[in-house]
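# Notes for the structure review
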Amino acid sequence: MAVGCIHNDVETLLTFIDKLSELSFDVVVCPGDFTDNFLPRGFTRKDVGMLIVEELRSLGKPVFVVPGSWDKDLIDFFEQEGISIHGSGKIYKNVGFYGFGGAKTPFSLPFEPSDDDILHGLSSAYKKVEKAEIKIQITHAPPANTKVDLIHSGAHVGSEAVRKFIESRKPEVAICSHIHEAKGHDIVGGTQVLNCGRFPEGYCGLIDVSGHSATAKIVSLI
């Protein structure tokens, strides 16, 4: 299950967490933007990150995350908690989860890696899961020139590096978020690509992998 772009909205997370528990899944992944510009009064970015991670862990499944464009201050925390796959990877059963966070924006947000940074980070991460039978890529940025990187103007704003890495390594699934209005599904080569959307709007992603065959879909919790 993929849950993304929570943007400080712990209250809505608490509202939907019981509905998430009714779904069938083995792992929870979050492709970033735990936080946002407007933190709740008296809370630090780490405070918000800790609350969200605690709620996701309450589902009783392994949690793997990458930071979003707002989450630079959480990178060390995710690492300390043993849930980070930012520039790294973890194998659970026969599935290798690897990724890299952050994404470019017009707004100079705290964590906007270049495409070179993303490519280097994904390369390092992939090495950690090369022996896994199935591979799932998690990035905050969507791949360029797909259905899942379109903004309202019709422009494609995704990462060329993310797309190139999908094309070269051919993971079974690639999960992203970042562009809220582009939630949905696409295919790059043989890879199922899913932008899981903004969770506080009531959306998450469900990915099913059987052998080397994968399906990915958006689920509404409303």
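In this numbering scheme, every chain counts its residues from 1 along its sequence in written order. Selection of residues for local features in this predicted model requires a pLDDT of at least 70, selection of side-chain atom pairs for listing and counting requires 80 or more, and totals for whole chains, interfaces and linings are taken over all residues. Processing note: side-chain calculations cover all non-hydrogen atoms of the structure and skip hydrogens and water entirely.

## Comments concerning the environment of Asn145
The helix count covers DSSP runs of H or I at least four residues long, the strand count covers runs of E at least two residues long, and both are numbered beginning at the N terminus. Inspection of the secondary structure puts Asn145 in the loop between strand S5 (134–139) and helix H5 (160–169). The sequence separation of Asn145 and Val188 amounts to 43 residues, and the corresponding C-alpha distance is 9.8 Å. Contacts: residue pairs with any heavy atoms within 4.5 Å of one another. Contacts of Asn145, omitting those with residues within four sequence positions, involve His156, Glu160 and Arg163. N or O atoms within 3.5 Å of each other form a polar contact, as long as, within protein, one can give a hydrogen and the other can take it, and as long as residues adjacent in sequence are counted only when both atoms are side-chain atoms. Of note is the side chain of Asn145, whose polar atom sits 3.4 Å from the side chain of Glu160.

## Observations concerning the sheet that holds strand S7 (residues 184–188)
Only when DSSP finds a minimum of two bridges between them are two strands counted as paired. Taken in spatial order, the six strands line up as S3-S4-S5-S6-S8-S7 in an open sheet, and their pairing is mixed. Edge strands, defined here as strands with exactly one partner in the open sheet, are strand S3 (89–92) and S7. Strand-to-strand twist of the sheet, defined as the mean angle between neighbouring strand axes without regard to direction, takes the value 20°. The axes are straight lines fitted to the C-alpha atoms, using for helices just the contacting stretch, and the angles between their N-to-C directions are given from 0 to 180°. Of the strands in this sheet, S3, strand S4 (95–100) and S5 are in contact with helix H4 (residues 115–127), which crosses S4 at around 160°. Taken strand by strand, H5 contacts S4, S5, strand S6 (173–176), S7 and strand S8 (191–195), and its axis lies near 175° from that of S5.

## Quick notes on the nonpolar core
Ranked by size, the top nonpolar core spans 28 residues in total, and within it Met1, Leu20, Phe34 and Phe199 carry the most contacts. Only helix H1 (10–21), strand S1 (28–30), helix H2 (45–57), strand S2 (63–65), helix H3 (75–80) and strand S9 (203–210) provide two or more residues apiece to this core. Counting residues per element, this core draws most heavily on H1, at five residues. Ignoring anything within four residues of it in the chain, the contact list for Phe199 reads Val3, Gly4, Cys5, Ile6, Leu13, Phe16, Leu20, Cys204 and Leu221. By convention a nonpolar core is built from buried Ala, Val, Leu, Ile, Met, Phe, Trp, Tyr and Cys residues, the set being connected through side-chain atoms within 4.5 Å. Accessible area is worked out with a 1.4 Å probe on protein chains only. A residue is then buried under 20% of its type maximum, exposed over 50%, and partly exposed in between. Formed by 19 residues, the second largest nonpolar core is a distinct cluster that contains Ile118, Ala125, Val129 and Cys176.

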